[in-house]
Amino acid sequence: MDRETQSEAIHEAVEAMADRLAEEKEHLTDLDSAIGDADHGANMNRGFQAALERLEETDGDPAELVKTAGVALVSEVGGAAGPLYGGSLMKASQELEDGITAETTVAFAERYLETVEERGKASVGDKTMVDAITPAVHTYKKAVEVDDHDPLEALGKAVDAAERGVAFTTPIRAKKGRASYLGWRSVGHQDPGATSTLYLLEELLAVATEYLDGEVEVDAETEVDPEELEEPAVEEAAVDEENEEGA
Ligand SMILES: [Mg+2]
């Protein structure tokens, strides 16, 4: 894909994400009203509509476009979520300066996760968006770097891993954010941030499939072998991240 096509794909991905969040606004609000302050659906919808508007007025390289979307999210989503969704996108966009390749997308994904963890001071098992992002990023990295899958196939596996991560948030107690104030009463509720993260990844996969199809048919629901995803080598990847990435 040339740079122009990559930029077009980013526009389209943000549009798909904005549409999806508009559709899921009520559902995200319901999830957030159970364990938070019932604003996640409205905040994400507003943020992505703003990102879409800004991108419609912007031409540029992939890195610039992703950064622009991040800036819009920071200013429009508000609260704790703005810096987590938008700031992490801004930071990770630096990894796309050479365009979109298997290598740069792995770096992007790792930088995104690292920034969310740092800013949210959250780890796996805290019942946050980190529980969706971590398995997705580790699975993506392993699929590309260890198993030599192409990025589209790897992304399909990553989305499936994120889905498992979202399911994992339901039976555990929240340790971060507003939900943690509920203590044990947070058990049994799915985390809204992990859920919206999954929606974003699903839309990214749908658009990536449009642009990269012909080589691989990816259906995250049916074609991923769960056996392969059981142990995403969490510790190893975390160590690599620290060694490879500066601030
Ligand atoms: Mg909230």
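Everything numeric in this text was worked out from a predicted model, so none of it was measured. (Residues numbered from 1 in each chain as written. Predicted model: local features only at pLDDT ≥ 70, side-chain atom pairs only at ≥ 80, totals over all residues.)

1. Comments concerning the overall build of the protein chain
For the protein chain, the count of helices and strands is nine helices and zero strands. Ordered by position from the N terminus, the helices and strands of the protein chain form the series α-α-α-α-α-α-α-α-α. In the protein chain, which comprises 247 residues, the proportion classed as buried is 49%. (Helix = DSSP H or I, 4+ residues; strand = E, 2+ residues; numbered from the N terminus. Buried ≥ 20, exposed ≤ 12 C-beta atoms within 10 Å, placed from the backbone.)

2. Thoughts on the environment of threonine 139
You can see threonine 139 is positioned in helix α6 (residues 130-146). Residues threonine 139 and glycine 156, 17 residues apart in the sequence, show an inter-C-alpha distance of 9.7 Å.

3. A closer look at the nonpolar core
Core analysis: the largest hydrophobic core is formed by 59 residues, its most contacted members being Ala69, Ala136, Tyr140, Ala158 and Ala162. At the level of elements, α1 (3-35), α2 (40-56), α3 (62-77), α4 (81-93), α5 (102-120), α6, α7 (151-169) and α8 (192-212) are the ones that each hand at least two residues to this core. Broken down by element, the residue count for this core peaks at ten residues, all from α1. (Core = buried A, V, L, I, M, F, W, Y, C linked by C-beta atoms within 7 Å.)

4. Details of the packing of α1 against α8
For the pair α1 and α8, interaxial distance at closest approach is 9 Å and the crossing angle is 150°. In terms of axis orientation, α1 runs roughly antiparallel to α8. Crossing angle aside, the handedness with which α1 passes α8 is right-handed. Mapping the contact onto sequence places Ala9, Glu12, Ala13, Ala16, Met17, Arg20, Leu21, Glu24, Leu28, Leu31 and Asp32 in α1 and Pro192, Thr195, Ser196, Tyr199, Leu200, Glu203, Leu204, Ala206, Val207 and Tyr211 in α8. When its residues are assigned to classes, the contact of α1 with α8 shows 14 nonpolar, two polar and five charged. (Axes fitted to C-alpha atoms, helices over the stretch in contact; angles between N-to-C directions. Parallel < 35°, antiparallel > 145°, perpendicular 65-115°, else oblique. Left-handed = near helix turned anticlockwise from the far one by under 90°. Contact = placed C-beta atoms within 7 Å. Nonpolar A, V, L, I, M, F, W, Y, C, P; charged D, E, K, R; others polar.)

5. Some thoughts on the environment of alanine 92
Mapped onto the secondary structure, alanine 92 falls in helix α4. By C-beta crowding, alanine 92 is classed as buried, having 24 other C-beta atoms within 10 Å. Through-space distance from the C-alpha of alanine 92 to that of arginine 111 is 5.1 Å; in sequence the pair is 19 residues apart. Non-local contacts of alanine 92, meaning those with residues more than four positions away in its chain, are made with Phe108, Arg111, Tyr112 and Thr115.

6. Considering unusual backbone geometry
The backbone of alanine 38 sits at a positive phi, close to 65°, despite the residue not being glycine. Secondary-structure assignment places alanine 38 in the loop between α1 and α2. Positioned with a positive phi, lysine 127 is a non-glycine residue whose angle comes to about 70°. As for its placement among the helices and strands, lysine 127 is situated in the loop between α5 and α6.

7. Side note on the confidence of the model for the protein chain
Averaged over all residues, the pLDDT of the protein chain is 89; the fraction at 70 or higher stands at 86%. Confidence drops under a pLDDT of 50 for residues 214-247, and excluding neighbours within four residues, the segment shows 38 contacts in the predicted structure. (pLDDT = per-residue confidence, 0-100.)

8. Thoughts on α7
Between its first and last C-alpha atoms α7 spans 27 Å; for 19 residues at 1.5 Å apiece the expected length is 27 Å, and the two agree. Of all 19 residues that make up α7, 15 are buried, and the element is covered over most of its length. (Expected span 1.5 Å × (residues − 1).)

9. Concerning the environment of alanine 81
Within the fold, alanine 81 resides in helix α4. Considering only alpha carbons, one finds alanine 81 and methionine 44, 37 residues apart in sequence, at a separation of 8.4 Å. Among residues more than four places away in sequence, those in contact with alanine 81 are His40, Asn43 and Gly193.

10. Structural notes on α3
End to end, α3 covers 22 Å across 16 residues, agreeing with the expected 22 Å (1.5 Å per residue, within 8%). Here α3 lies mainly inside the structure; 13 of its 16 residues are buried. One or two residues past the end of α3 sits glycine 78, with phi positive at roughly 75°.

11. Some points on the packing of α6 against α8
One way to put it is that α6 packs onto α8 with a least axis distance of 7 Å and a crossing angle of 40°. Regarding the angle of α6 to α8, the classification is oblique. Residue-level inspection shows Asp131, Ala132, Ile133 and Ala136 of α6 in contact with α8, the latter providing Ala194, Thr197, Leu198 and Leu201. Residues belonging to the contact of α6 with α8 are distributed by class as follows: six nonpolar, one polar and one charged.

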